[in-house]
Amino acid sequence: MPTTNTGFNWRKGVITVIMFAISIIFLMPFIWMLITSFKLEKDVFVYPIEWIPKHWHAIENYKEVWVGDYPFWKYYLNSIKVGVTTTFISALLSSFAAYGFSKIKFKGSNFLFLIVLATYMVPSQAILIPQFILYRQIGLFDSLWGLILLSSFSVLGTFMLRQFFMGVHQEFIESAKIDGANHFRTFWSIGLPLVKPAVATYAILRFIWTWNDYQNPLIFLRSDNLFTIPLAMQKFTSLSGEFYSLIMAAAVSAILPLLIVFIIGQKSVIEGIALGGVKG
């Protein structure tokens, strides 16, 4: 009869304990930030550190951040509009381009793809001035739609998704052609569902990049009521530089949507990584 090894794996257990200890070390700054946002200002730098505040001031701190003199809810709405719209448009356009470069063969397709990749080598700072002049001329300067269009096409997203579309068996595409499906129907009904985890992974990354983007809002926005979270954090810090409890409350508020998006989408990220490791 086959025997089952039910003994404790000491090597695996030790590695698990070590990794858990390392993860706690990395989480300590975030835990401190969260705890600090619950404290009175006079208790922030008490030594030794009070990991459980004696005097809770969480409601007052977060109320000041969200509906105080510099209300975060307004900048949250701006960031959500820009982040969600940019992510949707960018994921859709990158998927279209990736499918075209991987499954539609036409003269000069490889050369055109190399040109697209070459544009990724140009630093974004090098084209800021031409973009700034162009946006002022066409009336998109100091608008959320202008900010959205800046990030709506991604060379990295096209390249990333193209690699996944190349893993889709050509037989599926040929079968769709035989059944009379055009390229759009083939893309929407066959190609996209097969690489959905990869698209979801890219969408999560795109949302995080857009949410954290500081350079483009700094250059292309002037009106205070259009500011996104990174600009709001910078201004809030300059106005509340002596109140670290408020700054930490603002920082917790700023990263909360990123944690929610990652927690909800982590399954898709894992599936996307697994899909990238399986070819053929």
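All values reported here derive from a predicted model rather than from experimental measurement.

In this section: the pattern of salt bridges. Tallying each qualifying case throughout the model produces one salt bridge. In this structure, D224 engages K235 in a salt bridge whose closest nitrogen and oxygen atoms are separated by 2.7 Å. Separated by 11 residues along the polypeptide, D224 in the loop between α11 (215-220) and α12 (229-239) and K235 in helix α12 bring together distant segments of the chain. In this structure K235 comes out as partly exposed when scored by relative accessible area, which is 29%.

Our focus in this paragraph is a nonpolar patch on the surface. A cluster of nonpolar side chains, contributed by F20, I24, L27, M28, F30, I31, I49, W51, I52 and W56, occupies part of the molecular surface with about 990 Å² of accessible area. With respect to the helices and strands, the residue W56 is situated in the loop between α1 (10-36) and α2 (58-67). Overall, W56 belongs to the exposed group, its relative accessible area being 52%.

Right, let's get into the packing of helix α9 (residues 183-194) against helix α10 (residues 196-212). As a packed pair, α9 and α10 sit with axes 4 Å apart at the nearest point and diverge in direction by 70 degrees. Accordingly, the angle class assigned to the pair α9 and α10 is roughly perpendicular. Where α9 approaches α10, its residues L192, P193 and L194 are matched on the opposing element by K196, P197 and V199. Broken down by class, the residue content of the contact of α9 with α10 amounts to five nonpolar, no polar and one charged.

With that out of the way, let us pick up the nonpolar core. Counting 26 residues, the largest nonpolar core has F72, I229, M233 and F236 as its most contacted members. Those elements giving two or more residues to this core turn out to be α2, α3 (72-103), α10, α12 and α13 (244-277). Among residues more than four places away in sequence, those in contact with F236 are V65, Y70, F72, L246, I247 and A250. Core analysis: the next-biggest nonpolar cluster, separate from the first, contains 15 residues, A98, M160, V168 and V199 among them.

Notably, D142 is not glycine yet its phi reads approximately 60 degrees, a positive angle. Within the fold, D142 resides in the loop between α5 (128-138) and α6 (144-150). D142 sits in the partly exposed class, given a relative accessible area of 21%.

What follows deals with the packing of aromatic side chains. Enumeration according to the criterion identifies 19 aromatic pairs in this entry. With 6.3 Å between their ring centres and 40 degrees between their planes, F96 and F184 make a pair best called tilted. With a gap of 88 residues between them, F96 in helix α3 and F184 in helix α9 connect regions that are remote in the sequence. Of the residues examined, F96 reaches a relative accessible area of 33% and is grouped as partly exposed. When the ring of F96 is compared with that of F187, the centres are 4.8 Å apart and the planes differ by 40 degrees; the resulting orientation is tilted. In this pair, F96 is assigned in helix α3 and F187 in helix α9, connecting sequence segments 91 residues apart. Among the aromatic residues, those joined into a ring-pair cluster are F96, Y99, F165, F184, F187 and W188. Positioned above the aromatic ring of F141, the side-chain terminus of R136 is 5.1 Å from the ring centre. The ring of F113 carries R162 above its face, with NZ or CZ at 4.1 Å from the centroid.

Here is what the cut-offs are and how they apply
- Residues numbered from 1 in each chain as written.
- Predicted model: local features only at pLDDT ≥ 70, side-chain atom pairs only at ≥ 80, totals over all residues.
- Heavy atoms only, no water.
- Salt bridge = Lys/Arg side-chain N within 4 Å of Asp/Glu carboxyl O.
- Helix = DSSP H or I, 4+ residues; strand = E, 2+ residues; numbered from the N terminus.
- Buried < 20%, exposed > 50% of the residue type's maximum accessible area, 1.4 Å probe, protein only.
- Patch = residues over 30% accessible without salt bridge, like charges linked within 9 Å, V, L, I, M, F, W, Y side chains within 5 Å.
- Areas by Shrake-Rupley, 256 points an atom, 1.4 Å probe, with all protein chains shown as cover.
- Axes fitted to C-alpha atoms, helices over the stretch in contact; angles between N-to-C directions.
- Parallel < 35°, antiparallel > 145°, perpendicular 65-115°, else oblique.
- Contact = heavy atoms within 4.5 Å.
- Nonpolar A, V, L, I, M, F, W, Y, C, P; charged D, E, K, R; others polar.
- Core = buried A, V, L, I, M, F, W, Y, C linked by side-chain atoms within 4.5 Å.
- Phe/Tyr/Trp six-rings, centres within 6.5 Å; stacked < 30°, edge-to-face > 60°.
- Lys NZ or Arg CZ within 6 Å of the ring centre and 35° of its normal.

Remember that the coordinates give geometry; whether it matters functionally is a separate question.
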